[in-house]
Amino acid sequence: NAGVMQNPRHLVRRRGQEARLRCSPMKGHSHVYWYRQLPEEGLKFMVYLQKENIIDESGMPKERFSAEFPKEGPSILRIQQVVRGDSAAYFCASSPVLGEWDTDTQYFGPGTRLTVL
Amino acid sequence: GIQVEQSPPDLILQEGANSTLRCNFSDSVNNLQWFHQNPWGQLINLFYIPSGTKQNGRLSATTVATERYSLLYISSSQTTDSGVYFCAVERHDYNQGGKLIFGQGTELSVKP
């Protein structure tokens with residue numbers, strides 16, 4: 001059973017360009033989470049999605065950042081007009097279908113390391 | 001929101017030594033996970049342990065939910081144990097279910 005897949009693993013962008021980060025959850029998982037790890041810091045939650053729905057985006061910056069998880073295909077985290085402060089490791093995690101109040105392990109992908117020049 | 005504090009922030013061990021890492025959290029939680037981030041940056045699941053005790057090889061973890069803390073034990077440490085250990089918790093509140101709140105981590109360095 002393949003784990004959570006993320007690509008690209010490394011991404012270099014110049015200021016003002018767009019960055020698209022992709023995440024394919026584990027087979028059978030329909031919950032996707034994005035986290036960001038700034039240099040020398042811990043991980044911070046960004047957004048929680050289920051297929052075609054954003055459940056919680058309380059950690060997303062208000063501007064330039066967006067996320068989607070379409071019915072078909074991977075989840076996409078999109079950063080428009082990148083700035084140097086966006087340089088970080090972006091991790092995706094997935095978990096299986098749960099009841100409304102259930103919890104289960106979140107499995108993390110290898111991350112995408114974004115560098116903004 | 002929930003606060004997660006880990007201690008110690010840094011730890012240096014000689015190979016073969018044992019250690020205990022602590023995670024305190026400020027409110028009741030539905031989920032608690034321990035992770036190891038290796039020197040290459042990969043996050044590895046160690047335990048899903050909202051309560052009770054689990055063991056996996058040289059590692060074991062205990063969560064005392066009523067007292068709001070969790071402990072990670074590493075026995076007979078090896079150089080490959082080096083890296084940062086994170087504790088993360090989740091609490092199901094209205095509009096907040098699902099997200100993990102991470103502590104700042106314990107950076108472990110095991111010397112040969």
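Shown above is the structure to which this text applies.
Parameters and conventions
Residues numbered from 1 in each chain as written. Chains lettered and ligands numbered in written order. Predicted model: local features only at pLDDT ≥ 70, side-chain atom pairs only at ≥ 80, totals over all residues. Heavy atoms only, no water. Contact = heavy atoms within 4.5 Å. Buried area = accessible area lost by both parts, 1.4 Å probe. Polar contact = N/O pair within 3.5 Å; in protein donor to acceptor, adjacent residues only side chain to side chain. Helix = DSSP H or I, 4+ residues; strand = E, 2+ residues; numbered from the N terminus. Nonpolar A, V, L, I, M, F, W, Y, C, P; charged D, E, K, R; others polar. Buried < 20%, exposed > 50% of the residue type's maximum accessible area, 1.4 Å probe, protein only. Pairing = 2+ DSSP bridges.

*Asks:* Would you mind showing me how to read the interface of chain B and chain A here?
*Replies:* You'll often see interface size given as the accessible area lost when the parts meet. Opposite the 22 residues of chain B that make contact, chain A presents 23 residues. At the boundary of chain B with chain A, total buried surface from both sides reaches about 1800 Å², with 50% on carbon and sulfur atoms. Counting the surface chain B buries against chain A, the share from its top three residues, Leu43, His92 and Lys99 of chain B, is 26%. Summed over the shared surface of chain B and chain A, the number is six residue pairs in polar contact (both at pLDDT 80 or more). Of all elements in the fold, only strand 4 (31-37), strand 5 (43-48) and strand 9 (83-90) of chain B reach the threshold of two or more residues within the side of chain B that touches chain A. The dominant element in the side of chain B that touches chain A, judged by the number of residues it contributes, is strand 4 of chain B, at four residues. The residue makeup of the side of chain B that touches chain A, split by class, is seven nonpolar, 13 polar and two charged.

*Asks:* Which parts of the structure should I look at to understand the pairing of strand 9 of chain B?
*Replies:* Put simply, side chains in a regular strand alternate between the two faces of the sheet. Residues and elements named next belong to chain B. Burial runs high along strand 9: eight of the eight residues are buried. Pairing of strand 4 with strand 9, which is carried by seven bridges, proceeds in the antiparallel orientation. Across the sheet, Asn31 pairs through a bridge with Glu90, a residue of strand 9. Pairing of strand 9 with strand 11 (residues 106-111), which is carried by three bridges, proceeds in the antiparallel orientation. From the neighbouring strand, Tyr85 faces strand 11, where its bridge partner is Thr106.

*Asks:* Would you mind going over unusual backbone geometry with me for this structure?
*Replies:* With the exception of glycine, most residues fall at negative phi, and the peptide bonds are largely trans. Along the chain, Asn7 of chain A connects to Pro8 of chain A via a cis peptide bond; the corresponding omega equals -5 degrees. Here Pro8 of chain A shows up in the loop between strand 1 (5-7) and strand 2 (10-13). The omega angle of the peptide bond from Ser7 of chain B to Pro8 of chain B is -10 degrees, so this bond is cis rather than trans. Inspection of the secondary structure puts Pro8 of chain B in the loop between strand 1 (4-7) and strand 2 (10-14). Despite not being glycine, Glu52 of chain A has its phi angle at roughly 65 degrees, a positive value. With respect to the helices and strands, the residue Glu52 of chain A is situated in the loop between strand 5 (43-50) and strand 6 (53-56). In this structure Glu52 of chain A comes out as exposed when scored by relative accessible area, which is 56%.

So yeah, pure geometry; function would need other evidence.
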